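# Per-entry structural report
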Amino acid sequence: MKKDIPEKGAILQRDRETYAVAPHIPGGIVDTATLRKICDVADKYKVQAVKVTSAQRIALVGIKEEDLDGVWADLATAPGAAIGLCVRSVKICPGTSFCKRGIQDSISLGLKLDKIYHAMELPNKLKMGVSGCMVSCAEPAIKDIGIMGTNKGWRVMVGGNAGARPRLADLLVDNVPTEEDVLEIVAKIIAWYKQSASQNRLGRIIDEMGIDRFRQEVLG
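### Some thoughts on the environment of Lys51
- Here Lys51 is to be found in strand S3 (residues 49-52).
- The class of Lys51 is partly exposed, set by a relative accessible area of 46%.
- C-alpha separation for the pair Lys51 and Cys99, spaced 48 residues apart in sequence, amounts to 24 Å.
- Beyond its immediate sequence surroundings of up to four residues, Lys51 is in contact with Arg57, Ile58, Ala59 and Val61.

### Structural notes on the pairing of strand S8 (residues 153-158)
- Of all six residues making up S8, five are buried, and the element is well covered by its neighbours.
- Strand direction decides the pairing type here: strand S7 (residues 145-150) and S8, joined by six bridges, are antiparallel. Across the sheet, Ile145 pairs through a bridge with Val158, a residue of S8.
- If you look at the hairpin formed by S7 and S8, you'll find two residues sitting between the two strands.
- Two strands pair when backbone bridges link them, and S8 and strand S9 (residues 170-176) are joined in this way by four bridges, in the antiparallel orientation. Each residue of the ladder has a partner; that of Met157, found in S9, is Leu171.

### Looking at the side chain of Ser89
- Among the secondary structure elements, Ser89 is positioned in strand S5 (residues 87-92).
- Excluding residues that lie within four positions of it along the chain, Ser89 makes contacts with Ala55, Arg57, Leu126, Lys127 and Met128.

### Comments concerning the pairing of S3
- Two elements, S3 and strand S4 (residues 58-63), share four bridges in a ladder whose sense is antiparallel. Across the sheet, the residue bridging to Ala49 is Val61, located in S4.

### Quick word on the packing of helix H5 (residues 179-195) against helix H7 (residues 211-219)
- Interhelical geometry of H5 versus H7 gives an angle of 105 degrees and a closest axis separation of 9 Å. Comparing their axes, H7 and H5 come out roughly perpendicular. Between H5, through Ile185, Lys188, Ile189 and Trp192, and H7, the contact on the second element is made entirely by Phe214, Glu217, Val218 and Leu219.
- In terms of residue class, the contact of H5 with H7 is built from six nonpolar, no polar and two charged.

### Some details on helix H2 (residues 68-75)
- Buried within H2 are the following residues: Leu68, Val71, Trp72 and Leu75. Mapping the buried residues of H2 onto a view down its axis gives an arc of 95 degrees, with all of them on the same face.
- Ala76 lies just past H2 and shows a positive phi near 55 degrees.

### Some points on the packing of aromatic side chains
- Across all of its chains, the model carries one aromatic pair by this definition.
- Here Trp192 and Phe214 contribute two aromatic rings whose centre-to-centre distance is 5.0 Å and whose plane-to-plane angle is 75 degrees, an arrangement assigned as edge-to-face. Of this pair, Trp192 sits in helix H5 while Phe214 sits in helix H7, and the two are 22 residues apart along the sequence.
- Residue Trp192 is classed as buried on the basis of its relative accessible area of 11%.

Basis of the calculations
- Residues numbered from 1 in each chain as written.
- Predicted model: local features only at pLDDT ≥ 70, side-chain atom pairs only at ≥ 80, totals over all residues.
- Heavy atoms only, no water.
- Helix = DSSP H or I, 4+ residues; strand = E, 2+ residues; numbered from the N terminus.
- Buried < 20%, exposed > 50% of the residue type's maximum accessible area, 1.4 Å probe, protein only.
- Contact = heavy atoms within 4.5 Å.
- Pairing = 2+ DSSP bridges.
- Axes fitted to C-alpha atoms, helices over the stretch in contact; angles between N-to-C directions.
- Parallel < 35°, antiparallel > 145°, perpendicular 65-115°, else oblique.
- Nonpolar A, V, L, I, M, F, W, Y, C, P; charged D, E, K, R; others polar.
- Arc of directions from axis to C-beta.
- Phe/Tyr/Trp six-rings, centres within 6.5 Å; stacked < 30°, edge-to-face > 60°.

In short, geometric facts, not functional conclusions.
The structure is reproduced here in structure tokens:
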């Protein structure tokens, strides 16, 4: 029986015959040349659908297994980490670059996080969201690591997730003044998680140990 093919970024579809792939599009920010290339590949391999995903990717759905290598060769880009035990996605809102409500530069911070962590292997999957204001369009409260811009800096939350057992994130630290400070905090979270003995997602770990102990162990 066919299964997902993680090394090719290929997710088996409902028909149990074809696959979906999603090239990496950091923060969902894409140029017209890339869009044209995706459309050309979709036409060439006669995919069933081109789907904009909730993780700010563009998935090509309904690809034959024998076409997977050709699709990736023609796309000439890395897969989006849509499968596997790794940093899956960094969801980014328009922030102060484009949005009239933006307070902090979520695109700048989010792209830095994406460059450092996208597809990094971890004990379990991990998602991040960076919102430039408290409207929270990048849904930081349901991300393993959620970052929200406020008038006083950045709010860093941990342990959120959707799924079968949804969980709102806990506040880790508030009023973080700079991007560099946020990057340092995230680095500490990731380093702690990589060396932890648990294979659970962060929310389950925090449920077991409590946010105060987690904060102490991660931040000291």
